[in-house]
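# Understanding the architecture of this molecule
Listed below are the residues making up each chain.
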Amino acid sequence: MDRSESIKEITAAIAKVQGELKPIAKDRDNPISHSKYANLDSINQELLPLTSKNGLAVMQYPVTKDNKIGCGTIVTHTSGEYLHFEPYLITVAENKRMSVAQEGGATITYAKRYQISAIFGIVTDEDQDGAQPEPQPTGNNSGNSQGYQKQGQSNKARNQSNNHSKSGISTGASGILNNASKIIQKISSKTGEIEPDIYQRIKGQVGFDDSELNEVSNAAKFFNEVQNQWRALEGNK
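Residue positions are given per chain, counting from 1 as you read along its sequence in written order. Selection of residues for local features in this predicted model requires a pLDDT of at least 70, selection of side-chain atom pairs for listing and counting requires 80 or more, and totals for whole chains, interfaces and linings are taken over all residues. Side-chain metrics in this entry use all non-hydrogen atoms of the structure; hydrogen atoms and water are not considered.

A few words on the pairing of strand β5 (residues 68-77). For each residue, the accessible area found with a 1.4 Å probe, counting protein chains only, is set against the maximum for its type, and the residue is called buried under 20%, exposed over 50%, and partly exposed in between. Each helix is a run of H or I in the DSSP string that is no shorter than four residues. Each strand is a run of E no shorter than two, and both are numbered from the N terminus. Among the ten residues that make up β5, seven are buried, leaving the element largely enclosed by the rest of the structure. Note that strand β4 (residues 56-65) and β5 share ten bridges and pair antiparallel. Note on β5: the bridge partner recorded for Q60 is T73. Strand pairing is assigned whenever DSSP detects at least two bridges linking the two strands. Taking the residues that link successive antiparallel strands as the turn, the β4-β5 hairpin has two residues, and the phi of D66 there is positive, at about 50°. With eight bridges joining them, β5 and strand β6 (residues 82-91) adopt antiparallel strand pairing. The residue bridging G70 from the neighbouring strand is L89, located in β6. Count of turn residues in the β5/β6 antiparallel hairpin: four residues, of which G80 carries a positive phi of about 100°.

Attention now moves to the packing of aromatic side chains. Only Phe, Tyr and Trp rings take part, Trp by its six-membered ring, and two of them pair if their centres are within 6.5 Å. Stacked means planes under 30 degrees apart, edge-to-face means over 60, and tilted covers everything else. As enumerated under the stated definition, the model contains two aromatic pairs in all. Ring centres of Y88 and Y114 lie 5.9 Å apart, and the angle between their planes is 10°; on these two criteria the pair is classed as stacked. Placement of the pair is Y88 in strand β6 and Y114 in helix α3 (residues 100-119), with a sequence separation of 26 residues. When its relative accessible area of 28% is taken as the criterion, Y114 is described as partly exposed. Between Y199 and F222 the ring centres are 5.5 Å apart and the planes differ by 65°, which places this aromatic pair in the edge-to-face class. Note that Y199 is positioned in helix α6 (residues 195-206) and F222 in helix α7 (residues 216-234), a separation of 23 residues in sequence. Note on accessibility: Y199 and F222 belong to one class, buried.

What follows deals with α6. The span one expects for a helix is its residue count, reduced by one, times 1.5 Å. In this model, α6 (twelve residues) spans 17 Å end to end at C-alpha, consistent with the 16 Å of a helix rising 1.5 Å per residue. Most of α6 is tucked away, with eleven of its twelve residues classed as buried.

Geometric values such as these leave the question of function open.
In structure tokens form, the structure reads like this:
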């Protein structure tokens, strides 16, 4: 991160913005985890009036590098102080339902939302059904810990099964998509791209909509593409 010699005024202004910022409505659905998140428009509607009020300007610019695309962000203050945050980049893959220009624009939007949320401490994603971390084995208690892990996994699987039952998805397709979601989590951790965006991107690449993924054969094709993209990231083509 690049910055002005002094950041006293700008950090004080950012602190005021964070203190005044109200919770932002999560108005978009994550179809793979059944949670919600706030889009960029919702964030800007709440954030930008407060940044202007406190003498801050937020500038975001597109960046491309090594088949990745994203944005960088500069926050300036009326005092002349500034903070320049390094670009946040996401790997771009071909999408059958979008042109190259559309895919690039969508990816930049994702990067903008993530970076501006990180800078101002905005939580844009909803906790997945209040799921708690699974206990990890420690010392001689590994046997009990494994039991707790199995119980946690069973509860998680039950919640996912209930969610898919409500949406009318078949049991077979539900299991396949649950496995795909685990790999999508790995892709997200490695690339920084959020899970619902990965889901929508790959779904477009295989050419299915949500209702078509209810069929086992289509869910399997979706899973295979998710797995292929993970293998490509890991270099195991």
